[in-house]
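Close look at the chain arrangement
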Amino acid sequence: MHALGRHDAQQAGAADRPRSAAGTSTRDDARNGAPANLRRRLLRSAHGPRRSFQKFYAAQSARVRDSDRKARQEADADSSGTPRRRTDVRLALPAALVWAASVAGLWLPPLALAGVCCALLVLAALLLRRTFKARTSRRAPRGHGKPARRSFLTTMAVALLLAATAAAHSAVAATQRHDGPLAAAVSAGKSVVAVLEVAGTPRALTAPNQAGPPARWSVPVWTRDISTGGVVLRTRAQLVVMGGGGWGTVVPGEMVRATGKLRPADPGKEEAGILTASSGPGQPFAPPILQGAAKELRERFVSAASFLAPDPRGLLPGMVTGDTSALDEGLNSAMKSVGMTHLTAVSGANCSLVLGALLLLARRFRLSRLPAAALAVAGLGLFVLLVGPDASVLRAAVMGAVAVAALAAGRSGRGLSFLCLAVIGLLLVDPGLGSSFGFLLSVLATLGIIILGQRMMSWTPPFVPRWAAAAVAVPLSAQLLCGPVIVVLQPQFSTYSLLANVIASPLVAPVTLLGTAAVPLVVLAPWVATGLIAVAGTFSAGVAGTARFTSQLPGAALPWPEGVPGLLTMVFLSVLTFLTVWAAVRPRRLVRFVMAVHSRIVSLIEVLERYAAGRLESYSRKPRRMPAPRFPARCFPSRRVLPKRGPGLDRAAGRGRLGYSTKLSGRKP
């Protein structure tokens, strides 16, 4: 019985036995009936305070994490009964790599781009091979992390393949900028006569204090034939024509003849050169039927709105079709100072309203899923044709088409995935969009609405209407991400930008829907179009009045630092604004966060105190060593220094045994 009891005691103490090899005798002493306080002291001296420090800190961290998780779950349950949906970020990495490859293709020479393409392809092949081996291997254990790891490797491989495709496309355009007869003509600055195809909408080049219509225009074109020095070059390269006069009236797809002088483009641009036109577009060929009809509709819409007041007369065509030719210069400056110029740049909001109206119309007539999707995509395509293929319009159109296709297939919508697919598709078709600030601002605004806007709307209390929450969350979230880029382009801070956009947001939808419906009716039913234009003009007058009123408030446009300092300060201000909004709408979460931080600080202080106390105790329990003699003992045996000991029995230094001292007094015995 005694042996069995001893065996059971040994097994019971095995759970508390440390696994390190050091301190075996200490463990034996602690196991063989030592008192509790002595056992704790021996174990502490065996392991030291380091292990207790780690254990205590881990326990405190786990306790704080559990309390934070419970508080977060309670807050989510209080705010909404349904659990919040996780954001799908699988396509974010491919979109980022494709964008990076597109930008690199604008700066690197063709040889370097070829090396980048080869490296990306090799990495993609290695990842695919590793993924295939992991799936076909029978020896690999199947754990919870294996499928996620294989999914990540597959996503990474696909992202590298897409990036290699974008880099290869950029390399083709880079050869026209660096090599060939066209590059030689551009570097030499030769005068040419060229047949060009208009590739985009003309953009006005206005001076800072210029009044009236713009004197010069910037038009992206594709070359067909270039004659210089008696040599005809038949090549398709992208140029930018800068000229005045009639260059503002050309439409995309139109063939024109131009004369001028070539010069190199700025570094990082997608065009092979710049053609400074010495005259207007000569001998224009007939434009395509659809582009010509869209141009005529825009001109008729501007003429039909001429009966309105001066401000809505110029603002209504800009908000509906993007035509700002009749916009007053004072109103344009006021909208710039308060951050409302995005209303005259047709983008995602217009496309979303058009898509929503078309889907509601299809639902009204009880169309099935596929016919409704076809109607929505066809209407969206006609709207893009009407306003012109700008970067922001193309992004919104492709994203809307992907969303409609997902709805037609019965898939639930995921805004971030649709945005990433739109970015990947557009950059693969035109890598030059990677350097477009308009495309960047459009993507950032949409990303802010998807990531931050929905989160802000979920923070609002239940008694706040959803439309009111959206009226504040949508412009604020877009401004938080677009602000750092805007201050780089225009170094000023619009103090009342949020206020002006919140006031004008209820007026934008009627202007867009009624104005877009009036565009085709200008030709089909002019009297109906006049009524719609009058109602839409009333709402656009409210937008113009909001811009003028807020721009006249004190401190409407404050100066801001330029360059990188301005960018970093605006990023800091955006983060601070987001945290302020979170603290204002979630005071309980703020209190919980402060208490959690306080608990962590207290736990850390307690851990440090325990650690310091353990270190001091370990130092105090170490045996004191006598100072070493000044001279080696083997050299001077007669001068060996012996430790002084008192009378009686004591422990010899470093020997571990008792010795008897005969030094009873100062005399010899």
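Described in the following lines is the structure provided in the data block.

Thresholds, definitions, all that
- Residues numbered from 1 in each chain as written.
- Predicted model: local features only at pLDDT ≥ 70, side-chain atom pairs only at ≥ 80, totals over all residues.
- Heavy atoms only, no water.
- Helix = DSSP H or I, 4+ residues; strand = E, 2+ residues; numbered from the N terminus.
- Contact = heavy atoms within 4.5 Å.
- Areas by Shrake-Rupley, 256 points an atom, 1.4 Å probe, with all protein chains shown as cover.
- Buried < 20%, exposed > 50% of the residue type's maximum accessible area, 1.4 Å probe, protein only.
- Pairing = 2+ DSSP bridges.
- Arc of directions from axis to C-beta.
- Polar contact = N/O pair within 3.5 Å; in protein donor to acceptor, adjacent residues only side chain to side chain.
- Phe/Tyr/Trp six-rings, centres within 6.5 Å; stacked < 30°, edge-to-face > 60°.
- Lys NZ or Arg CZ within 6 Å of the ring centre and 35° of its normal.
- Expected span 1.5 Å × (residues − 1).

1. What about the overall build of the chain?
From N to C terminus, the chain includes 21 helices and 11 strands. Sequence separation of 24 or more characterises 72% of the internal contacts of the chain that already satisfy a separation of 6 or more. Per element, the accessible surface of the chain, about 39,700 Å² overall, is 62% carbon and sulfur.

2. Quick word on the pairing of strand β5 (residues 238-244)
Judged by how many residues are buried, β5 sits mostly within the fold: 5 of 7 residues are covered. Pairing geometry for strand β3 (residues 216-228) and β5, over 7 bridges, is antiparallel. If you follow Val 219 over to β5, its bridge partner there is Val 241. As defined by bridge partners, β5 adjoins strand β7 (residues 273-277) across 4 bridges and the pair is classed as parallel. Among the inter-strand pairings, Leu 239 is bridged to a residue of β7, identified as Gly 273.

3. So, helix α11 (residues 329-337)
Among the residues of α11, those classed as buried are Leu 331, Ala 334, Met 335 and Ser 337. All buried residues of α11 project into a common sector of 160° when viewed along the axis, lining one side. Elements in contact with the buried residues of α11: α10 (310-321), β8 (492-494), α19 (526-551) and β9 (557-559). For α11, the N-terminal cap is Asp 328; the gap from its side-chain oxygen to the backbone nitrogen of Gly 330 is 3.0 Å. Immediately downstream of α11, the backbone of Gly 339 shows phi near 70°, a positive value.

4. A word on the packing of aromatic side chains
The geometry of an aromatic ring pair is captured by the separation of the ring centres together with the interplanar angle, meaning the angle of the planes. The tally for this structure, following the rule as stated, stands at 4 aromatic pairs. Ring centres of Trp 99 and Phe 439 lie 5.3 Å apart, and the angle between their planes is 50°; on these two criteria the pair is classed as tilted. One end of the pair, Trp 99, is in helix α5 (residues 92-107); the other, Phe 439, is in helix α16 (residues 437-459), with 340 residues separating them in the sequence. The pair formed by Trp 99 and Phe 439 is uniform in burial state, with each residue classed as buried. Across from the ring centre of Trp 222, 4.7 Å away, lies the NZ or CZ of Arg 236, which sits over that ring.

5. Some words on α10
Taking 1.5 Å of rise per residue, the 12 residues of α10 would be expected to cover 16 Å, and the 18 Å separating its terminal C-alpha atoms lies within 8% of that figure. For α10, the tally of buried residues reaches 9 of 12 residues, placing the bulk of the element in the interior. Close packing links the buried residues of α10 with α9 (289-304), α11, α12 (348-364), α13 (369-387), α18 (497-524) and α19. Residue Gly 322 follows α10 closely and has a positive phi angle near 80°.

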